[in-house]
Amino acid sequence: MPDPISPKHYVAPVETESIAVDAVRISDKPSNLWRDAWFDLRRRPLFWFSIALALVFLVMAVWPTLFTATPPNDQCYLSNSNGGPAEGHPLGFTFQGCDIYARIVWGAQTSLAVGLIATLISSVLGLIMGALAGFYGGWLDSVLSRVGDIFFAIPYILAAVVVMTVFKDIRSVWILALAIGGFAWASTARVVRAEVLRVRQADFVMASQALGQSKFKILLNHVVPNAIAPLLVVSTLGLAAAIVAEATLSFLGVGLGSSVMSWGNDIGDAQASLRVAPMALIYPSIALTLAVLAFVTLGELIRDALDPKARARR
């Protein structure tokens, strides 16, 4: 009898191409939002220009003697009133005979100090109120949201005018910064609340809850660090708005005292001699514009870099 034929067994060929495609290189570093944002920002020349311009003004505010050796008020002579550029005085003189360039350099200290302190106040208040409202929800969210709506409905410039009028005898950088930042936090709180509402639904938050961590610890250790990106953008743009607010209040005569050097005070003082000496007003206005432009541009670039949809459109 013929030998029985053994059944044939077929084995599918190994797909080397799909294995190569699906392979994961362990050595590659995982990507995240901040690394992608930095990779996007460092390739943009406008980012480095705005950073350099902002650093110039910050260094000018901290170390004004690096930019000028002329005292801003000690060498004011009426004989130089509204005078043009001279040796050692490249921008000329004010109506009181003071060096315009020296006053711009020393005025950056006051203007940026008000902007930074006001931004810090509004950012801290907005972060606390927005994070608590968004994470805990319920009646706390309702109460904090209604309080935020009240402050949001009040223009902070108008509120600062009232505050500075009431405290006209003790006007200072801290009072002005508190008047601006104390009424400008509502918009920051709204942004933080919306981001916290998104982050608290993430899997790592649910995992932390399953491990028995307290809500407050989860909020501090997990939710806030992952919801801080929009706050950075809002704070950068808010810094520019606070600098403009200081200049506006000083120009209106309800900001800092006339003895305090700031860009707003110099612009307000120079308006009386605008027809005969316009440069005394134009030069501090240019400094104010460049400072605001640097921080606004920086905030816009950071916002685009932290938005994945904006990166995809480019």
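In this report, the structure presented in the accompanying data block is examined. (Residues numbered from 1 in each chain as written. Predicted model: local features only at pLDDT ≥ 70, side-chain atom pairs only at ≥ 80, totals over all residues. Heavy atoms only, no water.)

**Description of the overall build of the protein chain**
The helix and strand tally for the protein chain stands at 14 helices and zero strands. Listing each helix as α and each strand as β along the protein chain from the N terminus yields α-α-α-α-α-α-α-α-α-α-α-α-α-α. For the protein chain, with 314 residues in total, the buried portion stands at 39%. (Helix = DSSP H or I, 4+ residues; strand = E, 2+ residues; numbered from the N terminus. Buried < 20%, exposed > 50% of the residue type's maximum accessible area, 1.4 Å probe, protein only.)

**Observations concerning the pattern of salt bridges**
Per the counting criterion, the structure on display carries seven salt bridges. Asp-149 is the partner of Arg-146 in a salt bridge, and the nearest nitrogen-oxygen pair spans 3.0 Å. Here Arg-146 and its partner Asp-149 are both found in helix H5 (residues 138-153), three residues apart, which amounts to about one turn of the helix. The exposure class of Arg-146 is partly exposed, given its relative accessible area of 49%. Residue Asp-149 is classed as partly exposed on the basis of its relative accessible area of 29%. (Salt bridge = Lys/Arg side-chain N within 4 Å of Asp/Glu carboxyl O.)

**What about the packing of helix H11 (residues 229-252) against helix H12 (residues 263-270)?**
Running from N to C, H11 and H12 cross one another at 35°; their axes reach a closest spacing of 7 Å. Relative to H12, H11 is oriented so that their crossing is right-handed. Mapping the contact onto sequence places Glu-246, Ala-247, Ser-250 and Phe-251 in H11 and Gly-264, Asn-265, Ile-267 and Gly-268 in H12. For the contact of H11 with H12, the residue count by class is three nonpolar, four polar and one charged. (Axes fitted to C-alpha atoms, helices over the stretch in contact; angles between N-to-C directions. Left-handed = near helix turned anticlockwise from the far one by under 90°. Contact = heavy atoms within 4.5 Å. Nonpolar A, V, L, I, M, F, W, Y, C, P; charged D, E, K, R; others polar.)

**Describing the layout of surface pockets**
What the largest pocket holds in volume is close to 290 Å³. Elements with a minimum of two residues in the lining of the largest pocket: helix H4 (100-136), H5, helix H7 (173-181), helix H8 (185-199) and H11. The element contributing the most residues to the lining of the largest pocket is H11, with six residues. (1 Å grid on protein atoms, 1.4 Å probe; cavity = no way out; pocket = protein on both sides within 12 Å on 5 of 7 lines; lining within 4 Å. Points joined across faces, edges and corners; volume = space filled by probe spheres on them.)

**A closer look at the nonpolar core**
By size, the foremost hydrophobic cluster in this structure holds 25 residues, and its most contacted members are Phe-57, Leu-112, Ile-243, Trp-263, Leu-288 and Phe-295. At the level of secondary structure, the elements contributing two or more residues to this core comprise helix H3 (45-62), H4, H11, H12 and helix H13 (279-305). Among the elements that take part in this core, H13 stands out by supplying eight residues, more than any other. Apart from residues lying up to four places away in sequence, Phe-57 is in contact with Leu-112, Trp-263, Ala-287, Leu-290 and Ala-291. Formed by 15 residues, the second largest nonpolar core is a distinct cluster that contains Met-164, Ala-177, Ile-180 and Ala-242. (Core = buried A, V, L, I, M, F, W, Y, C linked by side-chain atoms within 4.5 Å.)

**Looking at the environment of Ala-272**
Structurally, Ala-272 can be placed in the loop between H12 and H13. Placed 177 residues apart in sequence, Ala-272 and Phe-95 show a C-alpha to C-alpha distance of 9.0 Å.

**Some details on the packing of aromatic side chains**
Here the structure, examined in full by the defined rule, presents seven aromatic pairs. Between the aromatic rings of Phe-135 and Tyr-136, the centroid separation amounts to 5.3 Å while the plane-to-plane angle is 90°, which identifies the pairing as edge-to-face. Among the residues examined, Tyr-136 registers a relative accessible area of 32% and is labelled partly exposed. Every member of this aromatic cluster is reached through a ring pair, and the members are Trp-38, Phe-47 and Trp-48. Looking at Arg-190, its charged tip hangs above the ring of Phe-152, at a distance of 4.1 Å from the centre. (Phe/Tyr/Trp six-rings, centres within 6.5 Å; stacked < 30°, edge-to-face > 60°. Lys NZ or Arg CZ within 6 Å of the ring centre and 35° of its normal.)

**Looking at H12**
Counting buried positions along H12 gives seven out of eight residues, so the element sits mostly inside the fold. Along H12, the positions that sit buried rather than exposed are Trp-263, Gly-264, Asn-265, Asp-266, Ile-267, Gly-268 and Ala-270. Among the structural elements, H3, H4, H11 and H13 are those in contact with the buried residues of H12.

**Quick notes on H5**
End to end, H5 covers 23 Å across 16 residues, agreeing with the expected 22 Å (1.5 Å per residue, within 8%). Within the span of H5, buried status applies to Asp-141, Leu-144, Ser-145 and Gly-148. Down the axis of H5, the sector holding all buried residues measures 105°, keeping them to one side. Turned more than 90 degrees away from the buried face of H5 sit Trp-139, Ile-150 and Ala-153, all of them exposed. The inward-facing, buried residues of H5 contact H4 and H8. (Expected span 1.5 Å × (residues − 1). Arc of directions from axis to C-beta.)

**Some thoughts on the side chain of Asp-99**
Here Asp-99 shows up in the loop between H3 and H4. Arg-103 is the oppositely charged side chain nearest to the buried, salt-bridge-free Asp-99, at an N-O distance of 9.1 Å. (Lys, Arg positive; Asp, Glu negative; His and termini not counted.)

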